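Fold and contact review
Take a look at the letters that make up each chain.
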Amino acid sequence: LAARRAPTQIRHGDRDESVAVQSSHLYHAALETAGCRVEKIIVPVADHTYTTVAWQEHLQSTTVNWFATEL
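Since the model is a prediction, treat every value here as computed from it, not as a measurement.

1. Some words on the environment of Lys40
Looking at the element boundaries, Lys40 is found in strand β2 (residues 38-43). Using a relative accessible area of 28% as the deciding quantity, one classes Lys40 as partly exposed. The sequence separation of Lys40 and Tyr50 amounts to 10 residues, and the corresponding C-alpha distance is 16 Å. Look past the residues within four positions of Lys40 in its chain and what remains in contact with it is Ile10, Ser24, His25 and His28. A distance of 2.7 Å separates a polar atom in the side chain of Lys40 from a polar atom in the side chain of His25.

2. Some thoughts on the pattern of salt bridges
With the rule as written, the count across this model stands at 1 salt bridge. A salt bridge links Arg37 to Glu70, with the shortest nitrogen-to-oxygen separation between them at 2.6 Å. Placement of the pair is Arg37 in the loop between α1 (21-33) and β2 and Glu70 in helix α2 (residues 53-70), with a sequence separation of 33 residues.

3. Concerning α1
Here α1 spans 19 Å end to end across 13 residues, near enough to the 18 Å set by a 1.5 Å rise per residue. Looking only at α1, the buried set comprises Ser24, His28 and Leu31. Burial along α1 is one-sided: seen end-on, the buried residues are contained in an arc of 70°. Every exposed residue of α1 that faces more than 90 degrees away from the buried side is listed here: Leu26 and Thr33. Structurally, α1 contributes buried residues whose contacts are with β1 (8-13) and β2. Phi turns positive one or two residues past the end of α1, at Gly35, with a value near 90°.

4. Here's the deal with unusual backbone geometry
Negative phi characterises most residues that are not glycine, and trans characterises most peptide bonds. The phi dihedral of Val45 falls on the positive side, at around 55°, and the residue is not glycine. For Val45, the location among the structural elements is in the loop between β2 and α2. Despite not being glycine, Tyr50 shows a phi value in the positive range, around 50°. Looking at the element boundaries, Tyr50 is found in the loop between β2 and α2. A relative accessible area of 9% means that Tyr50 is categorised as buried.

Reading the values: the criteria
Residues numbered from 1 in each chain as written. Predicted model: local features only at pLDDT ≥ 70, side-chain atom pairs only at ≥ 80, totals over all residues. Heavy atoms only, no water. Helix = DSSP H or I, 4+ residues; strand = E, 2+ residues; numbered from the N terminus. Buried < 20%, exposed > 50% of the residue type's maximum accessible area, 1.4 Å probe, protein only. Contact = heavy atoms within 4.5 Å. Polar contact = N/O pair within 3.5 Å; in protein donor to acceptor, adjacent residues only side chain to side chain. Salt bridge = Lys/Arg side-chain N within 4 Å of Asp/Glu carboxyl O. Expected span 1.5 Å × (residues − 1). Arc of directions from axis to C-beta.

Spelled out as structure tokens, the structure:
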């Protein structure tokens, strides 16, 4: 991670049963320690695959906005 310089966004559903949300907290901390610009968003009640239309729409629109701002 020390060589990573691109801005990074982490998104994680807090009801993810495949990957523990703690993984995102650890990855976020490691990126910050390496001096990277990083944004972490924990999505309330979202699961691993964002199975509802509302979660998918939120994920898509906020990701597009993030790319437009950061890249």
